[in-house]
Amino acid sequence: MARRAALRVLYLALLPVLVLLALVLAPALVVSSIASQGRVWRPETWKKISYGSRYFRSSFRGRLGEVVDVIDVVRDRLILLVLLLAAASGAGGLAVHLLEIGVPAWLSAWLDGSLFSFLASELAWSPAGGRLSFGGGAALVLAGCMALALLALGLSLYAWLAFALGEATRVILRYGGAATLFPDPGDAIPGGRLVLCQISDLHITAGGREPYEIEEGSAAWPEGSPRPDTAELTGRLRRLVAEIAAMKPPLVALTGDMTDLGEEAQWDELEAALSGIPASSQVLMVPGNHDVAINVGTSPDPYLTKRAEREQRFIEVLTRVERGPFQPRLHLPARKRARRRLRAIAGLYPRRLDLEGGIRIFGLNSNRYRSRFVGSNAIGQIGGAQLRRLARALRRGSGPVIVLLHHHVARLAGPISLNDTFMIAMDGPRLLEMLAAYQQKNPKKNSALVLHGHKHLAFFGHYRSKSGGRVSVYAHPSSTLGHETDGHLDGVARFAAIRLTDDGIWRVETHPLRPARTAPAPPAPAEAAMS
């Protein structure tokens, strides 16, 4: 409690500090922009600025919608509100008249020289220092009520802004201390046992709509390709599932953002498209921010009521889609708890599955960060309780380990991007250190691999701890929308096949979706990124 109180005090003090920093840094930023030889004025920059303005407008419309809702409530209670104000003013005027309360000289002088001078004539029967009249007392009480209301409004807006800036500052500081991944495609390694197939960031919609990010213009869709509406997205997913089914993998892993906005109709579309997964393959699902934590500008969720509904919906889908002897097991009490509290989904992860050959699979929920602001819905957090349960499970065994989650666990080598700051799991470095320590105990046997999605970016690299532990990390792009570079999607659907060699080395193959054909065609060569 003391720590939380200290953080709130810090947040309230941040706004004045940030204003001073802005006054100091603004000239420096202008000078650095001028000295950058025009690189900041690239078309991509203008595109991002344009998207930012649209994002702000949508966020403002959402905030305006909340104001309209408040006005509707006030309108419905307007008569009662007027009666209460009239009663308070009348009682105040009667009290000051019966108690013969006088008006101080300083107050009378201040009113005469201010915008409220119209009240001066009502304050007293006699000059300053005399008794207040009934009308003067009532007017003074009414003015006091209005002043208190304005003060409360100003303080609430200031607190909202201060906490938002405080949260943003905390996230940026965490990002600055995040682990860094360096690309390491490695050499071609023949063979390898198929462990699982991964699909991610499907963004399935309903009712013929395009994904939210495409509608908002955050990524350019390739010209000449069909726009990714519901039919196109589900059609691509069905073809991916058919190609995966032909490989008969032991496990099919879905690493988040399976739906676009976590709506019930979207989950129905997803379930129908996944029906082609063979019965011999087990299925593991981990939630993405679009599944449970999305907070769009046109429909903000400051009280997390919509999030609770999405989490309940996800648990219900999990009971129908997920297949395999997972620990912990899904049971009815967990589903009932979801209706009563937001944290019910927390007890379902990490989900553990043991495959042949001593391979252990762990699914994590990286959406423990509770986004109350539109701009923070993509931030990831695994949570201390979930990480402690994972650490206990790692200590109880040995052998190859795969950890699946949705958010990035480290930042990529290169320039720091402000957008990337709000896309990473803040406690991702703790997960990497835990896995690196596990791998270091038995380097030949305890190989570790992290699989995730989230940024629609294809990347394979390694993390090395200071003590020498090594963890492989693979980021899968959108399986239906493609890989994104500089805000442009390539539109290529793909899935990943994860293999493990006899030497304990992970191999990741990305399989682009073959074009639809009327006749059977030989399999296309796979793009490979290997360790």
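Provided above is the structure to which this section pertains.
Anyway, here's the lowdown on the structure attached to this text. A quick note: this is a predicted structure, and the numbers were derived from the prediction, not measured.

## Observations concerning the nonpolar core
Thinking step 1. Leu237, Leu254, Leu274, Met285 and Phe314 are the most contacted members of the largest nonpolar core, which totals 39 residues.
Thinking step 2. Every residue in contact with leucine 254, bar those within four places of it in the chain, is listed here: Ile199, Leu202, Leu274, Val283, Leu284, Met285 and Val286.
Thinking step 3. Among the nonpolar cores identified, the runner-up in size contains 29 residues, and Phe362, Val403, Ala410 and Ala448 belong to it.

## Focus on the layout of surface pockets
With a probe scaled to a water molecule rolled over the atoms, the places where space remains empty come into view.
Thinking step 1. Roughly 200 Å³ of internal volume is contained in the second largest pocket.
Thinking step 2. For the lining of the second largest pocket, the element with the highest residue contribution is strand E11 (residues 470–475), accounting for three residues.
Thinking step 3. In terms of residue class, the lining of the second largest pocket is made up of five nonpolar, six polar and three charged.

## Here's the deal with the sheet that holds strand E9 (residues 448–452)
Thinking step 1. One open sheet accounts for eight strands, arranged E5-E6-E7-E9-E11-E10-E1-E8; its pairing is mixed. Whereas interior strands pair on both sides, the edge strands pair on one side only; in this sheet they are strand E5 (351–355) and strand E8 (411–412).
Thinking step 2. Across two bridges, strand E1 (residues 180–183) lies against E8 in parallel orientation. Along E8, the bridge assignment pairs threonine 180 with arginine 411.
Thinking step 3. Relative to the sheet, helix H15 (residues 428–441) contacts strand E6 (359–363), strand E7 (401–404), E9, strand E10 (459–464) and E11, its axis offset from that of E11 by approximately 130 degrees.

## Quick look at a positive patch on the surface
Thinking step 1. Taken together, the side chains of Arg388, Arg392, Arg395, Arg396, Arg430 and Lys441 make up a positively charged region of the molecular surface.
Thinking step 2. Those elements giving two or more residues to the positive patch turn out to be helix H13 (384–395) and H15.
Thinking step 3. Position of arginine 388 among the secondary structure elements: in helix H13.

Conventions used here
- Residues numbered from 1 in each chain as written.
- Predicted model: local features only at pLDDT ≥ 70, side-chain atom pairs only at ≥ 80, totals over all residues.
- Heavy atoms only, no water.
- Core = buried A, V, L, I, M, F, W, Y, C linked by side-chain atoms within 4.5 Å.
- Buried < 20%, exposed > 50% of the residue type's maximum accessible area, 1.4 Å probe, protein only.
- Contact = heavy atoms within 4.5 Å.
- 1 Å grid on protein atoms, 1.4 Å probe; cavity = no way out; pocket = protein on both sides within 12 Å on 5 of 7 lines; lining within 4 Å.
- Points joined across faces, edges and corners; volume = space filled by probe spheres on them.
- Helix = DSSP H or I, 4+ residues; strand = E, 2+ residues; numbered from the N terminus.
- Nonpolar A, V, L, I, M, F, W, Y, C, P; charged D, E, K, R; others polar.
- Pairing = 2+ DSSP bridges.
- Axes fitted to C-alpha atoms, helices over the stretch in contact; angles between N-to-C directions.
- Patch = residues over 30% accessible without salt bridge, like charges linked within 9 Å, V, L, I, M, F, W, Y side chains within 5 Å.
- Areas by Shrake-Rupley, 256 points an atom, 1.4 Å probe, with all protein chains shown as cover.
- Salt bridge = Lys/Arg side-chain N within 4 Å of Asp/Glu carboxyl O.
- Lys, Arg positive; Asp, Glu negative; His and termini not counted.
- Charge placed at Lys NZ, Arg CZ, Asp CG, Glu CD.

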